Amino acid sequence: MSRKKYRPTVKEDVQCNLIPMVDIMFLLLLFFMLGADMTQREQAVLVLPTASEIKENDKVKSGEPTTTVNVQHRQKTSSFQCALNERGGYCRDQEHWMILIRGREVPRATLKE
């Protein structure tokens, strides 16, 4: 008859030590924050080309009606001013922009008509 070896059962408390992991996460956060480029970039000046001559439109020759729609920022007047546009920024307020169809301003409410 063979005897089994007696092995005492040892209970160990295995726990995950979170302190080094938190330290590493803070170091990674610091590394990425310092490495990121958080400067305000200036907007590039856009130089548009100018045409030396006008190209004939084939639709005008054939008699088809053409419609030109322009969207532009309102100009500074005594009753209207936009500080953001005056400083060279991009204004996104819809009330500051006007829609011109064939040279006449069209209100937004009647645009669908």
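Keep in mind that what you see is a predicted model, and the values were worked out from it rather than measured.

(A) Local environment of the overall build of the protein. When helices and strands are counted, the protein shows three helices and three strands. Secondary structure of the protein in N-to-C order comes out as α-α-β-α-β-β. Relative to the compact-globule value of 13 Å for 113 residues, the protein shows a C-alpha radius of gyration of 35 Å, a clear excess of over 25%. By its C-alpha atoms, the protein is 115 × 40 × 35 Å across when sized along the principal axes.

(B) Inspection of a nonpolar patch on the surface at higher detail. On the surface, Leu18, Met21, Val22, Ile24, Met25, Phe26, Leu28, Leu29, Phe31, Phe32, Met33 and Met38 cluster together into a nonpolar patch covering about 1,300 Å² of accessible area. Examined against the element boundaries, Leu28 turns out to sit in helix H1 (residues 19–35).

(C) Summary view of the sheet that holds strand E2 (residues 97–101). One open sheet accounts for three strands, arranged E1-E2-E3; its pairing is antiparallel. Taken across any chain shown, the strands that pair with only one partner, and hence form the sheet edges, are strand E1 (69–73) and strand E3 (104–106). Looking at each pair of strands side by side, their axes are set apart by 40° on average, direction ignored. The sheet contact formed by E1 and E2 spans five bridges and is antiparallel.

(D) Region of interest: the environment of Asn85. Within the secondary structure layout, Asn85 lies in helix H3 (residues 83–86). The sequence separation of Asn85 and Arg74 amounts to eleven residues, and the corresponding C-alpha distance is 9.5 Å.

(E) Spotlight on the pattern of salt bridges. The tally for this structure, following the rule as stated, stands at one salt bridge. Among the salt bridges present, the one from Glu105 reaches Arg74, with a minimum N-O distance of 2.9 Å. Residue Glu105 is located in strand E3, and its partner Arg74 is located in the loop between E1 and H3; the two are separated by 31 residues in the primary sequence.

(F) Quick look at the environment of Arg74. Owing to a relative accessible area of 28%, Arg74 belongs among the partly exposed residues under this scheme. Sequence separation between Arg74 and Glu12 is 62 residues, and the spatial gap between their C-alpha atoms is 76 Å. Excluding anything up to four places from it in sequence, Arg74 contacts Phe80, Glu95, His96, Trp97, Met98 and Glu105. A polar contact of 2.9 Å, which involves the side chain of Arg74, links it to the side chain of Glu105.

(G) How the structure looks around the confidence of the model for the protein. Model confidence for the protein is summarised by a mean pLDDT of 80, while 91% of its residues fall at 70 or above. Mean pLDDT per element in the protein: helix H2 (residues 58–62) is the minimum at 67, and H1 is the maximum at 91.

(H) Seen up close, the pairing of E2. Two elements, E2 and E3, share three bridges in a ladder whose sense is antiparallel. Within E3, the position partnered with Ile101 by the bridge is Arg104.

(I) Structural view of the state of the cysteines. Throughout the structure, instances matching the rule amount to zero disulfides. Here Cys82 stays unpaired: no disulfide links it, and the sulfur of Cys91, its closest cysteine neighbor, is 3.7 Å away. A relative accessible area of 6% means that Cys82 is categorised as buried. Take Cys91: its relative accessible area is 9%, and that puts it in the buried class.

Conventions adopted
Residues numbered from 1 in each chain as written. Predicted model: local features only at pLDDT ≥ 70, side-chain atom pairs only at ≥ 80, totals over all residues. Heavy atoms only, no water. Helix = DSSP H or I, 4+ residues; strand = E, 2+ residues; numbered from the N terminus. Rg over C-alpha atoms; globule rule 2.2 N^0.38 Å. Patch = residues over 30% accessible without salt bridge, like charges linked within 9 Å, V, L, I, M, F, W, Y side chains within 5 Å. Areas by Shrake-Rupley, 256 points an atom, 1.4 Å probe, with all protein chains shown as cover. Salt bridge = Lys/Arg side-chain N within 4 Å of Asp/Glu carboxyl O. Pairing = 2+ DSSP bridges. Axes fitted to C-alpha atoms, helices over the stretch in contact; angles between N-to-C directions. Buried < 20%, exposed > 50% of the residue type's maximum accessible area, 1.4 Å probe, protein only. Contact = heavy atoms within 4.5 Å. Polar contact = N/O pair within 3.5 Å; in protein donor to acceptor, adjacent residues only side chain to side chain. pLDDT = per-residue confidence, 0-100. Disulfide = S-S within 2.5 Å.

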